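This is what each chain is made of:
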Amino acid sequence: MHEFVEILQQVWDAITANKLRSFLTMFGIAWGVASLLLLIGLGEGFRSGQRRSLAEIGSDVIMEFSGNIPAIPGQHNDLRPYRLTLGDAAAIRASAPHVRNLTSLDNRGNLKEVSEFSSAGGPVMGVELNFPEIRNLPLAQGRFFNVDDLENRRQVVVLGKKNNALLFPGRPSIGSYITINGARFLVIGIAKSIGRGNNDGDNQKVYIPLTTMMQLFPQWTTDSNAPRDGIYAIDYQPTDESLNETAKAEVHRVVAARHGFDPANKDAFEEWDTIKSNRTVGIIFDAMDMFLGGVGIVTLALGAVGIVNIMLVTVTERTKEIGLRKALGATNRSILFQFFLEGLTLTGVSGAVGIAGAAAFMALVGGAVGNSDMGFDPPRLVPWSAAMAVGILTLCGVVAGIYPARRAAMLEPVEALRKD
């Protein structure tokens, strides 16, 4: 134990004997580690932000919209429009076994909402009872629609958070009335905030029962070609996330058969697959992590080369000291261990400083900007990147210490004492 403490003291003395050289060497390693963690942390912030943005839309959602049928696939000059219908939704429920849940919805952006205090012009959504099961619509107050609301075509409304603030500034809204294009609606619920920053389109929406929407504000009143049961979109979920393409193929077959075109004509479908989008985002950021990890490994390897060089210079400068110690009885093992520990200390301490500095910086950024006003999350320390940095540092420390240490241990005492 006493010998080990003595070696540690010698290591400390050797490092502090050349303060500037040791500082610059350790700064390079610390900077490389911190840069690696910050870059990966920034990428993970973008990744988690994108995932959260998609999750705020809904869980495993595929959105199918009305489209246009090209006369020839890939040709966009001669198009025949078609509109999705409630009949399409019913047919999909009956004929698409890989669709586990489906909701129909309508959307009108040209309606005016008016309260006794103010007015607003947010989109009016006609939705079914299961809309919150597929799309993200948490309530802050009140309730959502029930069976009676839809069956009896009740004129009830759920307000988005921003629309509620516009229509009832600083006043209670539950139990109050608004008019939508002159029709009187009872406010029964207020949605929580959805989205972040400028991405607050959902907060400006108001929701009414789909049956009420189709009775009071049907699509065919503004589009003479629209069918009487025409709707804006069909949102659905596959039975399993991995079966999204299978579910889409089934939906395509049903829609194509009902509207008289070939389901292989991909140009006829307007849709957004959030599952596919999420996978694409994951692939992009996985590639980014691999690239940044590779850059970090190269950076730390260069730092290790620098430490090897410094340690070799140290061995050369201390040749006579090594010779004297060996002449006085120091073993090859003790010499090897001292120089090895010196190299490992340089990498270990500088790596710890880099990790701590990166973590502190990311915590400060997170505390300063928060998560609510950006389309991405602030950078955060990713455990696997910290573990990788520690592993690389350990390897670099071994490489940086073992070769110079072995060279020092192999010196013959007499030859070492002859060195000037």
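As the structure is a prediction and not an experimental result, all values here were calculated from the model.

Reading guide: rules and limits
Residues numbered from 1 in each chain as written. Predicted model: local features only at pLDDT ≥ 70, side-chain atom pairs only at ≥ 80, totals over all residues. Heavy atoms only, no water. Helix = DSSP H or I, 4+ residues; strand = E, 2+ residues; numbered from the N terminus. Buried < 20%, exposed > 50% of the residue type's maximum accessible area, 1.4 Å probe, protein only. Contact = heavy atoms within 4.5 Å. Areas by Shrake-Rupley, 256 points an atom, 1.4 Å probe, with all protein chains shown as cover. Salt bridge = Lys/Arg side-chain N within 4 Å of Asp/Glu carboxyl O. Patch = residues over 30% accessible without salt bridge, like charges linked within 9 Å, V, L, I, M, F, W, Y side chains within 5 Å. Phe/Tyr/Trp six-rings, centres within 6.5 Å; stacked < 30°, edge-to-face > 60°. UniProt positions renumbered as here; feature names shortened; annotations may be inferred. Pairing = 2+ DSSP bridges.

Draft legend 1. Main features of the overall build of the protein. A tally of helices and strands in the protein yields 13 helices and 14 strands. Residues classed as buried in the protein amount to 45% of the 420 residues present. Summarising the internal contacts of the protein: among those between residues at least 6 apart in sequence, 77% fall at separations of at least 24. About 20,600 Å² of surface is accessible on the protein, with carbon and sulfur atoms providing 59% of the total.

Draft legend 2. Structural context of the pattern of salt bridges. Tallied over the full model, the rule gives 8 salt bridges. A salt bridge links Asp 88 to Arg 258; the shortest N-O distance between them is 2.5 Å. Remark: Arg 258 occurs in helix 8 (residues 244-259) and Asp 88 occurs in helix 3 (residues 86-95); sequence separation between them is 170 residues. Using a relative accessible area of 1% as the deciding quantity, one classes Asp 88 as buried. Take Arg 258: its relative accessible area is 45%, and that puts it in the partly exposed class. Put simply, Asp 202 and Lys 205 hold a salt bridge, and the shortest N to O gap is 2.8 Å. Overall, Lys 205 belongs to the buried group, its relative accessible area being 14%. One salt-bridge network, in which partners are shared between bridges, spans Arg 143, Asp 149 and Arg 154.

Draft legend 3. Geometry of a nonpolar patch on the surface. The grouping of Leu 20, Phe 23, Leu 24, Phe 27 and Trp 31 at the surface amounts to a nonpolar patch, some 620 Å² of accessible area in total. Within the element layout of this structure, Leu 24 appears in helix 2 (residues 19-57).

Draft legend 4. Looking closely at the packing of aromatic side chains. Counted by the stated rule, this structure contains 7 aromatic pairs. A ring pair is formed by Phe 65 and Tyr 232, whose centres lie 5.6 Å apart and whose planes are at 70°; its orientation type is edge-to-face. Of this pair, Phe 65 sits in strand 1 (residues 62-65) while Tyr 232 sits in the loop between helix 7 (210-216) and strand 13 (233-238), and the two are 167 residues apart along the sequence. Take Phe 65: its relative accessible area is 22%, and that puts it in the partly exposed class.

Draft legend 5. Broad picture of unusual backbone geometry. Non-glycine residue Arg 153 carries a positive phi angle of around 50°. Tracing the backbone through its elements, the reader meets Arg 153 in the loop between helix 5 (147-151) and strand 9 (156-159). By relative accessible area, which is 40% here, Arg 153 ends up partly exposed. A positive phi is found at Asn 181, a non-glycine position, where the angle reads about 50°. Structurally, Asn 181 is set in the loop between strand 10 (177-180) and strand 11 (183-191). The exposure class of Asn 181 is partly exposed, given its relative accessible area of 46%.

Draft legend 6. Region of interest: the environment of Val 390. Counting through the fold element by element, Val 390 comes out in helix 12 (residues 383-409). We classify Val 390 as partly exposed; its relative accessible area is 43%. For the pair Val 390 and Thr 347, spaced 43 residues apart in the sequence, the C-alpha separation amounts to 9.8 Å.

Draft legend 7. Quick peek at the UniProt feature "transmembrane region" (unreviewed entry) in the protein. Within this numbering scheme, the UniProt entry marks residues 23-43, 290-315, 336-369 and 381-403 as carrying the feature "transmembrane region" (unreviewed entry). For residues 23-43, the end-to-end C-alpha separation is 30 Å, with 100% helix and 0% strand making up the annotated structure.

Draft legend 8. Focus on the pairing of strand 11. When you tally the buried positions in strand 11, you get 7 out of 9 residues, the bulk of the element. Looking at chain direction, strand 8 (residues 139-142) and strand 11 are connected through 3 bridges and run antiparallel. Within the sheet, the bridge partner assigned to Gly 142 lies in strand 11 and is Gly 189. Examined bridge by bridge, strand 9 and strand 11 share 4 bridges and lie parallel to one another. Within strand 11, the position partnered with Val 158 by the bridge is Gly 189. With 4 bridges connecting them, strand 10 and strand 11 associate as antiparallel partners. Counted as the bridge partner of Thr 179 is Arg 184 from strand 11. Counting the residues in the hairpin turn of strand 10 and strand 11 gives 2 residues, including Asn 181, whose phi is positive at 50°.

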